[in-house]
Amino acid sequence: MNLLKTSGERILYKNTMKELLRKQIDKVVKKLFKVEIDQYDISVPEREGYGDFATNISFILAKQLKRNPRDIAGEIVGALNLTPAKEIAKVEACDGYVNFFLNSSVYLKELSNILKEKSKYGSNNSGKEKKIQVEFISANPTGPLTLGNGRGGFSGDTLSNVLAKNGYNIKREYYVNDAGNQVKILAKSVYKNLDLEIETVEGEDIYGGEYIDVVARKIKKQKGIEWIRRNYERTGEMAAKIILDEFIKKDVKFLGIKFDRWFTESILFKEKLVYKMWDFFKAKNLVYENEGAYWLKTSEYGDEKDRVVKTTDGNFTYLMSDVAYLYERFSQRKFGKIIIFLGADHHGYVGRLQAVAKILKHEGKLDLIIFQLVHLMQGGKEVRMSKRKGNFITLREAAEEMSLESARYFFISKDYGHHIDIDLDLAKEQSSRNPVFYVQYASARIHSVLSKINRNDRRKSVTGKITDYRPSLQNQNFKYEINLIKKLSQYPELIKEVGENYQVYKIPFFAHEIATEFHKFYDNCRIIGDEREAIRLKIIKATEVVLKDCLALMGIEAREKM
């Protein structure tokens, strides 16, 4: 791989192996067929014997050229083998695919890179001087965090770590909806809890549960019942602040998430940004009146319909706060990209928010990630109620029940578009069936070996310079060495890929793959006292580096013992 040196002697990866192969493929395809293809895959084959990488470009070309993909693959292979890159040992065609076999020197180099770079391995500068805000959780301050908040929270935190490793300037933010109707409902909930008279609307949701008891008692103790009677709105505001400080912020800290800023909706009104956006819409003829309400012309900017921004009673809707908040972030704080995590019930927000981004001249800078629900399962049935409190299960309770490291792993373990069913019994099981235990057991095994080496004063075997790596083809256990090194060398590509597509589920999946290859290596290769001790110790140290960093991206600390 080509390396790029920057200040402080830090080495960053300029090109991943996939990028180098892509350049070779593009050059040959353009020469042979006089065309350029942008969208084709280069991936690691699932089965052994089919090379280190394979591409489907022949199938893409077949549609354009109206030819057999196997014939096209044969021509591409012939051209590539005429002028092979030094990293490539051979290229083969198989059933229309083009398979690449890399020289062992590539993996020797990667092994050296890992040991040299340590936690910096896999970092790149693709996001250099680019400022991104990641907004996640942002739950209303009306109750403790839920399971859904956990998926957005752990995903947002992990993605932020991955983007930072890609060189982006990352700011994590929690948006607090401390203005509007939910605060009024919260005030009603406190009144009802204290048996105070309050007018309610039929079918209106009133918050209940143990936490409302706590909030109501605290307000009553601090302010007294008469103050509550006279200060309906301020009661709601105070209740929201108590929930934010005593429940949400404490839970976020327990979960190991740190936000750079807690941004409150009320600031948008105090700083007149909502009114500024309203004046802007009127000046640009972007709003119109219909039956006493004012509508924003979002349908002209890609939304499925226009949206109400001012109701018949003269109050602004939540959308106006969203507009002001986007303006504040894009135009005042100058974020080049904003990523927002939203639950499945917010799917309807996508069109309107993207329309607003277009209106504000920031098209293409807003990425909205919609994630599906999380269910806790036990004995084949969904667990809905808290055993301790008799109401809904909070995120903190779930994390305490299964362990925080298990929660951080399982809550990001699938594509955003899929529901996650977490088996509580499995999440707590101390066996290889539990993926978290399985990965951490690999970490503990690594630490055990390295501890023995340090006690025996063989540290030079681990830290010494790699000068030679001769594949022992006669040694049937060589495949366990090379397969593990191959897996570790995919880490830079993984970091770049997740930084581009935001699919954080690939991080725990990769950690499990590392553990799988390491356990095979450990079970089949003698280490201490073997003639290949030196190289195997380096492989173990490199595995420690990558696995530890991969776990750290998820906010999980690599264990030294089980």
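Report on the accompanying structure. Computed from a prediction, not measured in an experiment: that's the story for all the values here.

Scoring rules and cut-offs
Residues numbered from 1 in each chain as written. Predicted model: local features only at pLDDT ≥ 70, side-chain atom pairs only at ≥ 80, totals over all residues. Heavy atoms only, no water. Axes fitted to C-alpha atoms, helices over the stretch in contact; angles between N-to-C directions. Helix = DSSP H or I, 4+ residues; strand = E, 2+ residues; numbered from the N terminus. Parallel < 35°, antiparallel > 145°, perpendicular 65-115°, else oblique. Left-handed = near helix turned anticlockwise from the far one by under 90°. Contact = heavy atoms within 4.5 Å. Nonpolar A, V, L, I, M, F, W, Y, C, P; charged D, E, K, R; others polar. Salt bridge = Lys/Arg side-chain N within 4 Å of Asp/Glu carboxyl O. Buried < 20%, exposed > 50% of the residue type's maximum accessible area, 1.4 Å probe, protein only. Expected span 1.5 Å × (residues − 1). Pairing = 2+ DSSP bridges. 1 Å grid on protein atoms, 1.4 Å probe; cavity = no way out; pocket = protein on both sides within 12 Å on 5 of 7 lines; lining within 4 Å. Points joined across faces, edges and corners; volume = space filled by probe spheres on them. Arc of directions from axis to C-beta. Polar contact = N/O pair within 3.5 Å; in protein donor to acceptor, adjacent residues only side chain to side chain. Phe/Tyr/Trp six-rings, centres within 6.5 Å; stacked < 30°, edge-to-face > 60°. Lys NZ or Arg CZ within 6 Å of the ring centre and 35° of its normal.

1. Points about the packing of helix α19 (residues 478–489) against helix α22 (residues 533–553)
Stage number 1. Viewed as axis vectors pointing N to C, α19 and α22 meet at an angle of 30°, and their least axial separation amounts to 10 Å. Regarding the angle of α19 to α22, the classification is roughly parallel. As α19 packs across α22, the resulting crossing turns out to be left-handed. Listed contacts from α22 to Glu 481, Leu 484, Ile 485 and Leu 488 of α19 are Arg 536, Ile 539, Ala 542, Thr 543 and Val 546.
Stage number 2. Partitioning the contact of α19 with α22 into residue classes produces six nonpolar, one polar and two charged.

2. Some details on the pattern of salt bridges
Stage number 1. Tallying each qualifying case throughout the model produces 32 salt bridges.
Stage number 2. For the salt bridge of Asp 549 with Lys 165, the shortest nitrogen-to-oxygen distance reads 3.0 Å. Residue Asp 549 is located in helix α22, and its partner Lys 165 is located in helix α5 (residues 147–165); the two are separated by 384 residues in the primary sequence. The residues Asp 549 and Lys 165 share a single accessibility class, namely buried.

3. Overview of α22
Stage number 1. If you check α22, its first and last C-alpha atoms are 30 Å apart, about what 21 residues at 1.5 Å a residue would give, namely 30 Å.
Stage number 2. Burial within α22 is extensive, with 16 of its 21 residues counted as buried.
Stage number 3. Downstream of α22 by one or two residues, Gly 555 has phi in the positive range, about 80°.

4. Brief notes about the sheet that holds strand β16 (residues 381–382)
Across a sheet, strands are paired by hydrogen bonds formed along the backbone, either parallel or antiparallel in direction.
Stage number 1. Read from one edge of the open sheet, three strands run β16-β15-β17, paired in mixed fashion. Bordering the open sheet on either side are β16 and β17 (420–423), each of which pairs with just one other strand.

5. Section: unusual backbone geometry
Stage number 1. At Asp 95, a residue that is not glycine, the phi angle is positive and equals roughly 55°.
Stage number 2. Structurally, Asp 95 can be placed in the loop between β5 (88–94) and β6 (97–102).
Stage number 3. Positive phi, normally seen in glycine, also occurs at Glu 291, with a value near 55°.
Stage number 4. Judged by its relative accessible area of 75%, Glu 291 is exposed.

6. Quick notes on the layout of surface pockets
Stage number 1. Of the voids in this model, the second largest pocket is the one considered here, and its volume is about 1300 Å³.
Stage number 2. Taken together, 45 residues form the lining of the second largest pocket, with Ala 139, Asn 140, Asn 149, Asp 345 and His 346 sitting closest to its centre.
Stage number 3. Of all the secondary-structure elements, those providing two or more residues to the lining of the second largest pocket are α5, α12 (318–332), β13 (337–343), α13 (349–359) and β15 (374–378).
Stage number 4. In the lining of the second largest pocket, the residues fall into 24 nonpolar, 14 polar and seven charged.

7. Regarding the sheet that holds strand β8 (residues 169–176)
Stage number 1. Taken in spatial order, the five strands line up as β9-β8-β7-β13-β14 in an open sheet, and their pairing is parallel. Each edge of the sheet is formed by a strand with only one pairing partner; in this case those strands are β9 (261–264) and β14 (366–371). Direction aside, neighbouring strands of the sheet carry axes that sit 25° apart on average.
Stage number 2. Bridging between β13 and β14 involves six bridges; their strand directions are parallel. Residue pairing in the sheet places Phe 341 in a bridge with Ile 369 of β14.

8. Focus: helix α2 (residues 57–65)
Count 3.6 residues to each turn of an α-helix, and residues three or four apart come out pointing the same way.
Stage number 1. Within the span of α2, buried status applies to Ile 57, Ser 58, Leu 61 and Ala 62. All buried residues of α2 lie within an arc of 140° about the axis, which places them on one face of the element.
Stage number 2. In this structure, the buried residues of α2 make contact with α1 (17–33), β4 (53–55), α3 (69–82) and β6.

9. Notes on the packing of α12 against α13
Stage number 1. The contact between α12 and α13 brings their axes to 10 Å, and the two run at 45°. With respect to α13, the axis of α12 lies oblique. Helix-helix and strand crossings are classified by hand; for α12 and α13 the assignment is right-handed. On the side of α12, the interface is formed by Leu 319, Asp 322, Val 323 and Leu 326, while α13 contributes Tyr 349, Arg 352, Leu 353 and Val 356.
Stage number 2. The residue inventory of the contact of α12 with α13, partitioned by class, reads six nonpolar, no polar and two charged.

10. Remarks on the environment of Asp 313
Stage number 1. Structurally, Asp 313 can be placed in the loop between β12 (307–310) and α12.
Stage number 2. For the pair formed by Asp 313 and Tyr 191, sequence separation is 122 residues and the distance between their alpha carbons is 24 Å.
Stage number 3. Here Asn 315 takes part through its backbone nitrogen, which lies 3.2 Å from a polar atom of the side chain of Asp 313.

11. Things to note about the packing of aromatic side chains
Stage number 1. Counting across every chain of the model gives 23 aromatic pairs.
Stage number 2. Summarising the aromatic geometry, the rings of Tyr 275 and Phe 316 are spaced 5.8 Å apart at their centres and angled 65° between planes, so their arrangement reads as edge-to-face. Linking Tyr 275 in helix α11 (residues 273–283) with Phe 316 in the loop between β12 and α12, this pair joins segments that are 41 residues apart in sequence.
Stage number 3. The exposure class assigned to Tyr 275 is partly exposed, which follows from its relative accessible area of 36%.
Stage number 4. Through pairs of rings, three or more aromatic residues link up here, namely Phe 269, Tyr 275, Trp 278, Tyr 294 and Phe 316.
Stage number 5. Over the face of the ring belonging to Phe 101 we find Lys 90, whose NZ or CZ atom lies 4.6 Å from the ring centre.
Stage number 6. Taking NZ or CZ as reference, Arg 352 lies 4.7 Å from the ring centre of Tyr 349, over its face.

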